[in-house]
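Residue strings, one per chain:
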Amino acid sequence: NVESLNNQAETILRLLHPECCLDTALITVSDYWKSQGLDTECLVMYDGCGLAPSDRLTSHFVIGLLSQMQHDEDFVNSLPVAGKEGTVRRFFRETRLDGRARLKTGTTKSVVAYAGYIRGTDSKLYAVSIFVNSFAGKTQPMRKGIEKVLLSLIP
């Protein structure tokens, strides 16, 4: 997760049902999360990497997924450390949360998203998911705004 390997994500999805079409693999993923107690009504997938314009999910779904995965060390450790690596290497840098967050970003033409975990200075682990959709303007000020929001919410 430190690098966005979209082609590999698509390939892994297709390996779920190599003898069938992509739709069958997408149903398998949705059914899995439903079996884990997540509300998949808000999960709309057309590809394996989330770049299709019709792909949709909600922060509520992502928080459910993160809650399910918080004890999976391989998953948690696969997320980039804010202030240190990946697309979050400048996020939280030189703040009290520098190095205390593992976050994945998602960015398209009009979407900026952050999701992952932040270990607050109170030692609690917080699952976070923020999506900003259909915004006009530059990405960097939006990223700074999200950083400010998270700094104000997480002790």
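Reading the values: rules and limits
- Residues numbered from 1 in each chain as written.
- Predicted model: local features only at pLDDT ≥ 70, side-chain atom pairs only at ≥ 80, totals over all residues.
- Heavy atoms only, no water.
- Helix = DSSP H or I, 4+ residues; strand = E, 2+ residues; numbered from the N terminus.
- Buried < 20%, exposed > 50% of the residue type's maximum accessible area, 1.4 Å probe, protein only.
- Contact = heavy atoms within 4.5 Å.
- Polar contact = N/O pair within 3.5 Å; in protein donor to acceptor, adjacent residues only side chain to side chain.
- Arc of directions from axis to C-beta.
- Pairing = 2+ DSSP bridges.
- Salt bridge = Lys/Arg side-chain N within 4 Å of Asp/Glu carboxyl O.

## Concerning the environment of Arg 102
No. 1: Within the secondary structure layout, Arg 102 lies in strand E1 (residues 101-108).
No. 2: Judged by relative accessible area, Arg 102 falls into the partly exposed class, the value being 22%.
No. 3: In the structure, Arg 102 is positioned 20 residues away from Ala 82 in sequence and 5.9 Å away in space, judged by C-alpha atoms.
No. 4: The contacts of Arg 102, once residues within four sequence positions are left out, are Val 76, Asn 77, Leu 79, Pro 80, Val 81, Glu 85, Ala 115, Gly 116 and Tyr 117.
No. 5: A distance of 3.2 Å separates a polar side-chain atom of Arg 102 from the backbone oxygen of Asn 77.

## Description of the side chain of Ser 30
No. 1: Looking at the element boundaries, Ser 30 is found in helix H2 (residues 22-35).
No. 2: Judged by relative accessible area, which is 17%, Ser 30 ranks as buried.
No. 3: Beyond its immediate stretch of four places on either side in the chain, Ser 30 contacts Thr 40, Leu 43 and Met 45.

## Let's talk about helix H3 (residues 59-69)
No. 1: Within H3, burial applies to Phe 61, Val 62, Leu 65, Leu 66 and Met 69. Taken down its axis, H3 places every buried residue within 135° of arc, on the same side.
No. 2: Check the buried side of H3 and you find it contacts H2, helix H4 (73-78), strand E2 (111-119) and strand E3 (125-133).

## Some remarks on the pairing of E3
No. 1: Two elements, E2 and E3, share 9 bridges in a ladder whose sense is antiparallel. Bridge pairing links Val 112 to Val 132 in E3.
No. 2: In this antiparallel pair of consecutive strands, E2 and E3, the connection spans 5 residues, and Ser 123 shows a positive phi of 75°.

## Description of the pattern of salt bridges
Side chains bearing opposite charge may pair, as long as their charged atoms lie close to each other.
No. 1: Counted according to the given criterion, the structure contains 3 salt bridges.
No. 2: Its salt-bridge partner being Arg 14, residue Glu 10 comes within 3.5 Å of it at the nearest N-O pair. Taken together, the residues Glu 10 and Arg 14, both in helix H1 (residues 6-15) and 4 residues apart, mark about one turn of the helix.
No. 3: The exposure class assigned to Arg 14 is partly exposed, which follows from its relative accessible area of 42%.
No. 4: The partner of Lys 144 in a salt bridge is Glu 147, with the nearest N and O atoms 3.1 Å apart. With Lys 144 and Glu 147 both in helix H5 (residues 139-153) and 3 residues apart, this pair spans about one turn of that helix.
No. 5: Among the residues examined, Glu 147 registers a relative accessible area of 8% and is labelled buried.

These figures capture arrangement, not role.
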